[in-house]
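Working through the structure, step by step
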Amino acid sequence: DIVCEWLNYWLDKTGLKNICLAGGVAMNCVLNQKISKRCNINQLFVPPFAGDQGISIGNAFLASIEHNIKPLSNNFSAYLGRSFHQDEIEKTLQHHQITYSILENVVNTASQYIADGKIIGWFQGNAEIGARALGNRSILANPAIKGMKENINQKIKFRENFRPFCPSVLKEDFDTYFSSTIKEIPFMNVTVDCKPLATTELPEIVHHDNTARVQTVSSENNAIFHQLLIELKKKTGHGVVLNTSLNVRNQPMAYDVNDALITLFTSGLDALFVGNILIEKP
């Protein structure tokens, strides 16, 4: 109530229609949904590093402006961490004497695993910045299978059953499942209302108040993750996947290949996809 009152005051005073929020409070997804409903705005932008870790990037933006260099704002990306080359990945696996398969079509195989009800680790490209797994260091599963949320919480995340999971959805299919004045949520930082199709067909990603913390996925912000959702839609009818961070309780999100392997072998994950490589437990 206080934040919305404060924002409405400044929206009226300035005549502006766009809001950019930062600070740890901006990671409150429910608050951001209330802002979208109660404030007369066109756009709400919350960066994926809204807390203290974003200060360095904010400083770089500020310094650019002070030196009359306009920061590039189009196609803003959250994938600012390291990536790992094929030979580097294989060298790590060989060092640990882990059996693996090289896939011709990783998207097709991974989507089939998800459609079949398996829970997979998905380790691709550059690591995300911020607290959310945005499809490069993720655990993925089929949200249409009843009991999947409880299964992941008990056997993989080792946490309480009330903990929610994100639906990552094809940006072009957002309106099919969800309702919000904000249509593009690439950083998973706003909750939205679920439409009946999501509630009945994808119950594992719907909160008790009929909302969901959504990530919209486009070919522009994550091409391979977008393609995975397209293939999953062909197999299940839904371009939506249950997404949570690639880690177990009290551990940070996997950053390198070793982290991902530890998560695979210390949890109930069925398989791990690293680049175009598949690792399964014996």
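Structure report, in brief.

Reading the values: the criteria
- Residues numbered from 1 in each chain as written.
- Predicted model: local features only at pLDDT ≥ 70, side-chain atom pairs only at ≥ 80, totals over all residues.
- Heavy atoms only, no water.
- Helix = DSSP H or I, 4+ residues; strand = E, 2+ residues; numbered from the N terminus.
- Rg over C-alpha atoms; globule rule 2.2 N^0.38 Å.
- Contact = heavy atoms within 4.5 Å.
- Areas by Shrake-Rupley, 256 points an atom, 1.4 Å probe, with all protein chains shown as cover.
- Lys, Arg positive; Asp, Glu negative; His and termini not counted.
- Charge placed at Lys NZ, Arg CZ, Asp CG, Glu CD.
- Core = buried A, V, L, I, M, F, W, Y, C linked by side-chain atoms within 4.5 Å.
- Buried < 20%, exposed > 50% of the residue type's maximum accessible area, 1.4 Å probe, protein only.
- Pairing = 2+ DSSP bridges.
- Axes fitted to C-alpha atoms, helices over the stretch in contact; angles between N-to-C directions.
- Parallel < 35°, antiparallel > 145°, perpendicular 65-115°, else oblique.
- Left-handed = near helix turned anticlockwise from the far one by under 90°.
- Patch = residues over 30% accessible without salt bridge, like charges linked within 9 Å, V, L, I, M, F, W, Y side chains within 5 Å.
- Salt bridge = Lys/Arg side-chain N within 4 Å of Asp/Glu carboxyl O.
- Expected span 1.5 Å × (residues − 1).

What follows is about the overall build of the protein chain. The number of helices and strands found in the protein chain is 10 helices and 13 strands. Taken against the 2.2 N^0.38 rule, which gives 19 Å for 282 residues, the C-alpha radius of gyration of the protein chain at 19 Å falls within 12% of a compact globule. Overall, the protein chain is about 65 × 50 × 35 Å in size when its C-alpha atoms are taken along their principal axes. Long-range contacts, defined here as pairs at least 24 residues apart, represent 66% of the contacts in the protein chain between residues at least 6 apart. Surface exposure of the protein chain reaches about 14,100 Å², of which carbon and sulfur atoms provide 52%. When the 26 basic and 27 acidic side-chain charges of the protein chain are each reduced to a single mean position, those positions are 4 Å apart.

Counting residues in each nonpolar core, the largest one holds 53 residues, and the members touching the most others are Ile35, Phe178, Leu272 and Ile279. A total of four residues in this core trace back to one element, the largest contributor, which is helix 10 (residues 257–265). Counting 19 residues, the second largest nonpolar core, distinct from the first, contains Ile120, Trp122, Leu228 and Phe273.

Turning our eyes to something else, we now look at the environment of Pro48. Tracing the backbone shows Pro48 in the loop between strand 2 (43–45) and helix 3 (55–66). Relative accessible area serves as the criterion here: at 4%, Pro48 is assigned to the buried category. Spatially, the C-alpha atom of Pro48 lies 8.0 Å from that of Met188, the residues being 140 residues apart in sequence. Setting aside its immediate chain neighbours within four residues, Pro48 contacts Met27, Phe76, Ala78, Ile129, Gly130, Ala131 and Phe187.

Okay, the pairing of strand 12 (residues 271–274) next. Alternating positions in strand 12 separate into two faces, Ala271 and Phe273 on one and Leu272 and Val274 on the other, with burial throughout. Of the pairings in the sheet, the one linking strand 4 (residues 120–123) to strand 12 comprises four bridges and is parallel in character. Following the sheet pairing, Phe123 is matched in strand 12 by Val274. Bridge count between strand 12 and strand 13 (residues 277–280): four bridges; the pairing is antiparallel. Residue pairing for strand 13: Phe273 is matched across the bridge by Leu278.

Moving on, we get to the packing of helix 4 (residues 86–95) against helix 10. Axes are the key here: two packed helices are described by the angle between their axes and the distance separating the axes. Two elements in contact, helix 4 and helix 10, have axes separated by 10 Å at closest approach and are oriented at 50°. Relative to helix 10, helix 4 is oriented oblique. Seen along the crossing, helix 4 lies across helix 10 with a hand that is right-handed. Contacts from Ile89, Thr92 and Leu93 of helix 4 reach helix 10 at Val257, Asn258 and Leu261.

Turning to unusual backbone geometry, a few remarks are in order. Even without being a glycine, Asn68 presents a positive backbone phi close to 60°. Take Asn68: it is sitting in the loop between helix 3 and helix 4. A positive phi angle is found at Asn210, which is not glycine, with a value near 65°. Mapped onto the fold, Asn210 is located in the loop between helix 8 (196–201) and strand 9 (211–213). The exposure class assigned to Asn210 is partly exposed, which follows from its relative accessible area of 30%.

Next up on the list: a nonpolar patch on the surface. A cluster of nonpolar side chains, Trp6, Tyr9 and Trp10, forms an exposed patch at the surface whose accessible area comes to about 390 Å². Along the polypeptide, Tyr9 turns up in helix 1 (residues 2–14).

What links the strands of a sheet is backbone hydrogen bonding, and the strands pair in either a parallel or an antiparallel sense. Within the open sheet, the eight strands sit side by side as 3-13-12-4-5-11-6-10. Their pairing is mixed. At either end of the open sheet lies a strand with only one pairing partner, and these are strand 3 (101–102) and strand 10 (215–217). Across the sheet, helix 4 lies against strand 3, strand 12 and strand 13, angled at about 20° from strand 13, the strand it touches most. Contacts between helix 10 and the sheet are confined to strand 4, strand 12 and strand 13, with strand 12 contributing the most and set at about 165° to the helix.

Let us look at helix 9 (residues 223–236). For helix 9, which comprises 14 residues, the first-to-last C-alpha distance of 20 Å matches the rise-based estimate of 20 Å (1.5 Å per residue) to within 8%. Listing the buried residues of helix 9 in full gives Phe225, His226, Leu228, Leu229, Glu231 and Leu232. On the buried face of helix 9, the contacting elements are helix 5 (106–115), strand 4, strand 5 (137–141), strand 6 (166–170), strand 10 and strand 11 (240–245). Positive phi shows up at Gly237, right after helix 9, with a value of about 90°.

One can describe the packing of helix 5 onto helix 9 by two numbers: an axis separation of 9 Å at closest approach and a directional angle of 50°. In terms of their interaxial angle, helix 5 and helix 9 are classed as oblique. Helix 9 is crossed by helix 5, and the crossing has right-handed handedness. Across the interface between the two elements, Val106, Val107, Asn108, Ala110, Ser111, Gln112, Ile114 and Ala115 from helix 5 touch Ile224, Gln227, Leu228, Glu231, Leu232, Lys235 and Thr236 from helix 9.

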